[in-house]
Amino acid sequence: MRRLTCLILATVLAAAPAFARDVTGEVGYRERIALPEDAQLVVELRGPAGVVAEARIQTKGAQVPLPFAVVAPDNGDYSLRGAIFVAGRADWVSAPVAVAAGEGPVDLGLVALTRPSTVAFNDRMICGDVPIQIDFLDGGARLTAGGEAIRLEPLMSADGARYGDNATPPTEFWGKGNAARVTLKGTELPECEMMIPDPILPITLRGNEPFWRLDLAESGYTFQPSPDAAPLTGKLPEAYPSADGLRMDLGAGLVLTLSRTVCRDTMSGMPFPVAATLERDGQTLRGCGGKPDDLLAGTWRVTQMGARAVPSEVELTIGFDPSTGRVFGKSACNRYNGAYTLTGEGLSFGPAAVTMMACPEELMSLEQSFHKELAGISGFNVTDAGVLELRQGDDAVILAERR
C-alpha cells in the first residue's frame, strides 16, 4: 500500500480525524468465457498521488462475478480499477469507477470488465517499491529500471519465461504466470507483480519538419501528412511487439511504432510520454504523443534545489493531480495546496495555501526557498533516468525523484 499525502489548507491548523473505509463490489463481464485456474484478479484504488490500496486475488478456478474488497486509507475521493490477468497479460480491464468522498463503507456493485484495446503497453510491474518495464521482443526481451534499458537473451528454463544477460553482475528476468523474479545487476528484487495497464487510446501523435499528425482511436485512425493534404483514414489493426515497441501496419504504406519513453517535441521542447516512428513509403517520420500531465502525475521527493542538496530525512515533496490541476505536498515544514497550469508553452504554479506551523530555522529557510523557486517555474523535463526537472528558462532549479 502506498501512502497518500494529505491536502491541508492554509486556515486549517489541525486535520480532522481520518477514517478508513471498506470499498467492496464484484467484477464481471458479459461474454461466456471461462477463466483458467491461474487467473488473478487485481483491484487498484487510486488517489492524486497514485495507488493507495490494492487487492490481488487468485481465482483458483472461480468464475465471474468475482467479489473484491479494498480499504481506503481515509474518506477522500478515489477511483477504482479492476483487471483479470492470465499468463502475465490483462485479459479483462475495467474503466475507472469513482469512489466519492464520504464516511462509512462503499459498495460499488458490479464493476464491468471488457477486453482491453489491442493497442496497449502491458509491460509494467512493481517489485516491492521498484517499478520495472519488461518488453518482449523478437527472440529476447528488454528490461527497463531506473531509466536504464538492458537487453536480455532467452535462457534455458523448464518453468516460465527466463531471460538474462552475460554481464557481471548479471541481470535476469524470470516470468512465472502473473508474477516474476528479477535480479537487477546482481541484486534480487522482491517478487514482481503485474500493474493494471493504462489505456493509450485515444491518442494524438505529432511530428515537425515535416509536419504530420496521426490520431488513433478504437474506431480507427486519421493521418494528416501535411496541413494542406487530404487526410487518410482506416481501421486500427492489432499491434504486435517489436524490438522498438508496439508496431502496427496501418495500410496505405504506413507502419507505426509506439514506445513508452520520454519524447521531447523538437519545436517546444515539451516532454511527452510516448515516442512515435512512422514509416511512409521509405520515409521515416518521428514525433511524440500522449499527455505531458501523465509524466507529472503522482508524488515526487525533492532531492535538490539549485546547488543545494535536500537531506533525505527532510520531507520536501510535490504531488500532481492532473484530474483537478492541483499540486500539493509538504515543503520541509508545512503542508501546501495550490494549482498548476500546463500548456503547450510550459508549466507554471499559482499561489499556494500553506499551513502555519513553526519549525526550526533551517527548515523554514528551506521552505521559503522552495516556494520562491516554485513561483518562478516556467517548464519541466523528465530525464531518461526518471528525474523530474522543474525549470526556470533553461535552468533546472528543482530536481525530484518519484516516491
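Sequence order as written defines residue numbering, which begins from 1 separately in each chain. It should be noted that, the model being predicted, local features are given only for residues of pLDDT at least 70 and side-chain atom pairs only at 80 or more, the latter also being counted only at that level, while totals for whole chains, interfaces and linings use all residues. Heavy atoms throughout the structure, all of them, feed into the side-chain values; hydrogens and water do not.

Colleague: I would appreciate a short explanation of the overall build of the protein in the present structure.
Modeller: Only DSSP runs of H or I covering at least 4 residues are called helices, and only runs of E covering at least 2 are called strands; the numbering of each starts at the N terminus. Scanning the protein from terminus to terminus reveals 2 helices and 38 strands. In this setup the radius of gyration rests on C-alpha atoms only. A globule is expected at 2.2 Å times the number of residues raised to 0.38. Taking 2.2 N^0.38 as the reference for a compact globule, 403 residues should give roughly 22 Å; the C-alpha atoms of the protein span a radius of gyration of 23 Å, in line with that estimate. Dimensions along the principal axes, computed over C-alpha positions, put the protein at roughly 60 × 55 × 50 Å. The buried share among the 403 residues of the protein stands at 44%. Contacts: residue pairs with any heavy atoms within 4.5 Å of one another. For the protein, contacts bridging at least 24 residues in sequence account for 50% of all contacts bridging at least 6. Of the accessible surface of the protein, which amounts to about 20100 Å², a share of 53% is contributed by carbon and sulfur atoms. His is not counted, nor are the chain ends, whereas Lys and Arg count as positive and Asp and Glu as negative. Lysine's charge is taken at NZ, arginine's at CZ, aspartate's at CG and glutamate's at CD. In the protein, which carries 36 positive and 50 negative side-chain charges, the distance between the mean positions of the two groups comes to 1 Å. For each residue, the accessible area found with a 1.4 Å probe, counting protein chains only, is set against the maximum for its type, and the residue is called buried under 20%, exposed over 50%, and partly exposed in between. Using a 1.4 Å probe, accessible areas were evaluated by the Shrake-Rupley method; residue-level cover was limited to the displayed protein chains.

Colleague: Before we go on, may I ask you to explain the nonpolar core in this structure?
Modeller: The nonpolar side chains of a soluble globular protein tend to be buried, and buried together. With 34 residues, the main nonpolar core has Val302, Ile318, Phe320, Phe349, Phe380, Leu388 and Leu390 as its most contacted residues. The contacts of Val302, once residues within four sequence positions are left out, are Val310, Leu316, Ile318, Phe370, Ile398, Leu399 and Ala400. The criterion is simple. A nonpolar core is a set of buried Ala, Val, Leu, Ile, Met, Phe, Trp, Tyr and Cys residues joined through side-chain atoms within 4.5 Å. Counting residues in hydrophobic clusters, the runner-up holds 25 residues, among them Ala39, Ala53, Val99 and Val106.

Colleague: Can you help me understand the pairing of strand β33 (residues 335-343) in this one?
Modeller: The two faces of a sheet get side chains in turn, since along a regular strand they alternate between them. One requirement defines pairing of two strands: DSSP has to find at least two bridges between them. Here strand β32 (residues 326-330) runs beside β33; their pairing, made up of 5 bridges, is antiparallel. In the sheet register, Phe328 faces β33, and the bridge partner there is Asn337. Between β32 and β33, which pair antiparallel in sequence order, lie 4 residues; one of them, Ala332, sits at a positive phi of approximately 80°. Where β33 meets strand β35 (residues 353-354), 2 bridges bridge the pair, whose relative direction is antiparallel. For Tyr336, the partnering residue across the bridge sits in β35 and is Val354. Pairing analysis gives 4 bridges linking β33 to strand β34 (residues 346-349), with the strands arranged antiparallel. In the strand pairing of β34, Tyr340 is matched with Phe349.

Colleague: What's the story with the packing of aromatic side chains in this structure? I'm lost.
Modeller: Two rings belonging to Phe, Tyr or Trp (six-membered ring only in the last case) form a pair when the distance between their centres is within 6.5 Å. Interplanar angles under 30 degrees mark stacking, angles over 60 mark edge-to-face geometry, and anything in between is tilted. Applying the stated criterion across every chain yields a total of 6 aromatic pairs. Through successive ring pairs, a cluster of aromatic residues spans Phe136, Tyr163 and Phe173. Directly above the ring of Trp92 sits Arg115, whose terminal nitrogen or CZ lies 4.1 Å from the centroid. By the criterion adopted, a ring carries a charge over it if an Arg CZ or a Lys NZ lies within 6 Å of its centre and within 35 degrees of its normal.

Colleague: Looking at this structure, I do not really get the sheet that holds strand β27 (residues 274-280). What am I missing?
Modeller: Sheet strands pair via backbone hydrogen bonds, and the direction of the pair is either parallel or antiparallel. Strand order across the open sheet formed by 9 strands is β21-β20-β19-β18-β28-β27-β24-β23-β22, with antiparallel pairing between neighbours. If you trace the sheet from one side to the other, it starts and ends with β21 (232-234) and β22 (240-242), each paired once. Averaged over all pairs of adjacent strands, the angle between strand axes in this sheet comes to 25°, irrespective of strand direction. By the bridge criterion, 5 bridges tie strand β19 (residues 212-217) to strand β20 (residues 220-224) in an arrangement that is antiparallel. Within the sheet, the bridge partner assigned to Ala217 lies in β20 and is Gly220. In this analysis, axes come from line fits to C-alpha atoms, helices being fitted only over the stretch in contact, and the angle between any two N-to-C directions falls in the range 0 to 180 degrees.

Colleague: Help me understand the environment of Phe121 in this model?
Modeller: Residue position: Phe121 is located in the loop between β8 (106-112) and β9 (124-127). Separated by 139 residues in the primary sequence, Phe121 and Arg260 have C-alpha atoms spaced 7.6 Å apart. The contact partners of Phe121, leaving out residues within four places of it in the chain, are Pro197, Ile200, Leu246, Leu258, Ser259, Arg260 and Val274.

Colleague: Got a minute to help me understand the pattern of salt bridges in this structure?
Modeller: Any two side chains of opposite charge can pair, given that their charged atoms come close. Put simply, a salt bridge is a Lys or Arg side-chain nitrogen that is within 4 Å of an Asp or Glu carboxyl oxygen. In total, this model carries 20 salt bridges according to the counting rule given. Arg264 is the salt-bridge partner of Asp384, the closest N and O atoms lying 3.9 Å from each other. With Asp384 in the loop between β36 (379-382) and β37 (388-392) and Arg264 in strand β25 (residues 263-264), this pair connects stretches of sequence that are 120 residues apart. Here Arg264 falls in the partly exposed class, since its relative accessible area comes to 32%. Connected via shared salt-bridge partners are Glu54, Arg56 and Glu193.

Colleague: Mind showing me how you'd approach the sheet that holds strand β1 (residues 21-28) here?
Modeller: If you walk across this open sheet you meet the 3 strands as β4-β1-β8, and the pairing is mixed. Edge positions in the sheet fall to β4 (66-72) and β8, since each has one partner strand and no second. Looking at each pair of strands side by side, their axes are set apart by 25° on average, direction ignored. Bridging between β1 and β4 involves 7 bridges; their strand directions are antiparallel. Looking at the pairing, Gly25 lines up with Phe68 of β4.

Colleague: How should the side chain of Asp321 be read in this particular structure?
Modeller: Relative to the assigned elements, Asp321 resides in strand β31 (residues 317-321). Buried charged residue Asp321 carries no salt bridge. Nearest counter-charge: Arg326, at 7.9 Å. Among residues more than four places away in sequence, those in contact with Asp321 are Pro48, Arg326, Phe328 and Tyr340.

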